[in-house]
Amino acid sequence: MRITKQYITQNDCYKAGRKITPKGCMIHSTATPGVMAEDFALRWNKPGIEKAVHFFVDDEDVIETLPCEKGNTWRAWHCGRGDRGSGNDTMVSLEMCEPESLGDRTYFQKVYDRAVELAAYLSRVFGFGPENIICHSEGYIAGIASNHADVMHWFPLHDRTMDDFRRDVERSLAGPEAGEDGTAEGGTESGGRLLYRVQTGAFRDKVNADALRQRLRADGYADAYVKAADGYYKVQAGAFRSLANADRLSAELEEKGYETYIVNGNA
Ligand SMILES: [Zn+2]
């Protein structure tokens, strides 16, 4: 399984930098139809956003947005608290991204399998068992989370329960592929894929490019950078596999008064 590390360094929770020793894993889903992992990693990478999770999972990507390694796991902010404390202090968190329609069976099967694989990987890393993997609504019942329904507003539409999920994690741990699978890779930015980027300007003079990048960063686009190519200093933000996501960022930036166009590859 490929895990892309893309830390949300501008996020308040990231900046707080608190650490935990994970004793289990909490599964969430985003309740935001059609917004995929790479998009969330960008949306939550802003000052003033307190909520944060360790992983976003969709049908194609697993993105680690807070450090989550043995001996170096940051405290996320994903489940509030209940009568018996807060799962934020003890649980690794993963958000399953929801498709446009919760009934989408093809998407569900893919994101479910990926979440199982990730949960199995985490239980190997941290040494907790499938019984320590719960969803947000189970966390509420256990008294360590706020009153949310996820993921039980979604799984039953596809005849799945959290017990099925735990059983599938157990199967994955026992399977022949256990051990060779589930290796975290430090994700390269592109992984050899063609990525779409949103360009907001191209200047002969580097000072102008730097000024525009500063403005973008001040507006919360921490990943904005200046790239020298073809005699220009180009200011770009984002790195997307899907054109639709690049379009979203482009529209968002235009709304804030930037002029944008989308480039791909090494443009
Ligand atoms: Zn939740």
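Treat the numbers as computed from the prediction; the structure is a model and nothing was measured.

Analysis parameters
- Residues numbered from 1 in each chain as written.
- Predicted model: local features only at pLDDT ≥ 70, side-chain atom pairs only at ≥ 80, totals over all residues.
- Pairing = 2+ DSSP bridges.
- Helix = DSSP H or I, 4+ residues; strand = E, 2+ residues; numbered from the N terminus.
- Core = buried A, V, L, I, M, F, W, Y, C linked by C-beta atoms within 7 Å.
- Buried ≥ 20, exposed ≤ 12 C-beta atoms within 10 Å, placed from the backbone.
- Domains from an automatic or database assignment.
- Contact = placed C-beta atoms within 7 Å.
- Expected span 1.5 Å × (residues − 1).
- Arc of directions from axis to C-beta.
- Axes fitted to C-alpha atoms, helices over the stretch in contact; angles between N-to-C directions.

## Section: the sheet that holds strand β9 (residues 133-135)
Phase 1: Strand order in the open sheet formed by six strands is β1-β5-β4-β8-β3-β9, with mixed pairing between adjacent strands. Both outer strands of the open sheet, β1 (4-5) and β9, are each paired with one neighbouring strand and no more.
Phase 2: In the sheet, strand β3 (residues 24-29) pairs with β9 via three bridges, with the strands oriented parallel. In the strand pairing of β9, Cys-25 is matched with Ile-133.

## A closer look at the nonpolar core
Phase 1: The biggest cluster of nonpolar side chains holds 66 residues, and the ones touching the most others in it are Val-57 and Ala-115.
Phase 2: Residue-level mapping places this core at the junction of two domains, with at least three residues from each of domain 1 (4-174) and domain 2 (196-264).
Phase 3: Val-57 has contacts with Ala-37, Val-62, Leu-94, Glu-95, Met-96, Cys-97, Val-111, Arg-114, Ala-115 and Leu-118, leaving out every residue within four places of it along the chain.

## Observations concerning helix α5 (residues 162-174)
Phase 1: Taking 1.5 Å per residue, 13 residues should reach 18 Å; α5 reaches 18 Å between its end C-alpha atoms and fits that length.
Phase 2: Within the sequence span of α5, burial applies to Phe-165, Val-169 and Ser-172. Seen from one end, α5 has its buried residues packed into an arc of 60°, which puts them on one side. Opposite the packed face of α5, turned more than 90 degrees from it, sit the exposed residues Asp-163 and Ala-174.
Phase 3: Where the residues of α5 are buried, they touch α3 (105-126) and β9.

## Considering the sheet that holds strand β11 (residues 225-229)
Strand pairing in a sheet takes place through backbone hydrogen bonds and is either antiparallel or parallel in direction.
Phase 1: In space, the four strands of this open sheet follow the order β11-β12-β10-β13, with antiparallel pairing throughout. In this open sheet, the two strands that pair with only one neighbour each are β11 and β13 (261-264). The average undirected angle you get between the axes of adjacent strands in this sheet is 45°.
Phase 2: Here four bridges tie strand β10 (residues 196-203) to β13, and the two strands are oriented antiparallel to one another. Bridge pairing in β13 places Tyr-196 opposite Asn-264.

## Looking at unusual backbone geometry
Phase 1: In this structure, Val-151 follows Asp-150 across a cis peptide bond, with omega equal to 5°.
Phase 2: By the secondary structure assignment, Val-151 is in the loop between α4 (136-141) and α5.
Phase 3: For Asp-159, which is not glycine, the phi torsion reads 55° and is therefore positive.
Phase 4: Topologically, Asp-159 is positioned in the loop between α4 and α5.
Phase 5: The phi dihedral of Asp-230 falls on the positive side, at around 55°, and the residue is not glycine.
Phase 6: Positionally, Asp-230 belongs in the loop between β11 and β12 (232-240).

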